[in-house]
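Per-entry structural report
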Amino acid sequence: MKNRLRELRKERNLTQEELARILGVTRQTIIAIENNKYDPTLRLALKIARFFSVSVEEIFVP
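Quick caveat, the model's predicted, so the values are computed rather than measured. (Residues numbered from 1 in each chain as written. Predicted model: local features only at pLDDT ≥ 70, side-chain atom pairs only at ≥ 80, totals over all residues. Heavy atoms only, no water.)

Turning next to the packing of aromatic side chains. Counted according to the given criterion, the structure contains one aromatic pair. A centroid spacing of 4.9 Å and a plane angle of 80 degrees characterise the contact between F51 and F52, whose relative ring orientation is edge-to-face. Owing to a relative accessible area of 24%, F51 belongs among the partly exposed residues under this scheme. Looking at R12, its charged tip hangs above the ring of F51, at a distance of 4.9 Å from the centre. (Phe/Tyr/Trp six-rings, centres within 6.5 Å; stacked < 30°, edge-to-face > 60°. Buried < 20%, exposed > 50% of the residue type's maximum accessible area, 1.4 Å probe, protein only. Lys NZ or Arg CZ within 6 Å of the ring centre and 35° of its normal.)

The next thing to look at is unusual backbone geometry. Glycine aside, a negative phi is what most residues show, and trans is what most peptide bonds show. Positive phi, close to 55 degrees, is recorded for N36, a residue that is not glycine. Residue classification places N36 among the partly exposed positions, given a relative accessible area of 40%. Backbone geometry places S53, a non-glycine residue, at a positive phi of 55 degrees. Among the secondary structure elements, S53 is positioned in the loop between α4 (42-52) and α5 (56-59). Under the relative-accessibility criterion, S53 is labelled exposed at 62%. (Helix = DSSP H or I, 4+ residues; strand = E, 2+ residues; numbered from the N terminus.)

With that settled, consider the pattern of salt bridges. Applying the stated criterion to the full structure yields three salt bridges. We note a salt bridge from E34 to R6, for which the minimum N-O separation is 3.4 Å. Taken together, the residues E34 in helix α3 (residues 27-34) and R6 in helix α1 (residues 5-11) connect sequence positions 28 residues apart. Salt bridges linked by common partners bring R6, R9 and E34 together as one network. (Salt bridge = Lys/Arg side-chain N within 4 Å of Asp/Glu carboxyl O.)

Here we come to the side chain of E34. Looking at E34, the relative accessible area reads 5%, which means it is buried. Within the structure, the side chain of E34 is placed 2.5 Å from the side chain of R9, a separation counted as a polar contact. Apart from residues no more than four positions distant in its own chain, E34 is found in contact with N3, L5, R6, R9 and Q16. (Polar contact = N/O pair within 3.5 Å; in protein donor to acceptor, adjacent residues only side chain to side chain. Contact = heavy atoms within 4.5 Å.)

Contact geometry of helix α2 (residues 16-23) with α4 gives a least axis separation of 11 Å together with a crossing angle of 110 degrees. Judged by the angle between their axes, α2 and α4 are roughly perpendicular. The crossing of α2 and α4 is right-handed. Residues L19, I22 and L23 of α2 lie in contact with α4, whose contacting residues are L44, K47, I48, F51 and F52. Class assignment for the residues of the contact of α2 with α4 results in seven nonpolar, no polar and one charged. (Axes fitted to C-alpha atoms, helices over the stretch in contact; angles between N-to-C directions. Parallel < 35°, antiparallel > 145°, perpendicular 65-115°, else oblique. Left-handed = near helix turned anticlockwise from the far one by under 90°. Nonpolar A, V, L, I, M, F, W, Y, C, P; charged D, E, K, R; others polar.)

Geometric values such as these leave the question of function open.
Written as structure tokens, this is what we have:
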């Protein structure tokens, strides 16, 4: 699944480590999502969307 996570993260000037800490996941999880190697759980997708104040559909595209 393609996504805009890297773009949104960079707009907020956050490192992968900082975003991971905020979301309660590992840096490796953020890397995997950004590289389209891992589709987050619904819970994590909602948490990401809430953090960036956008809908899940605005971040993740099937």
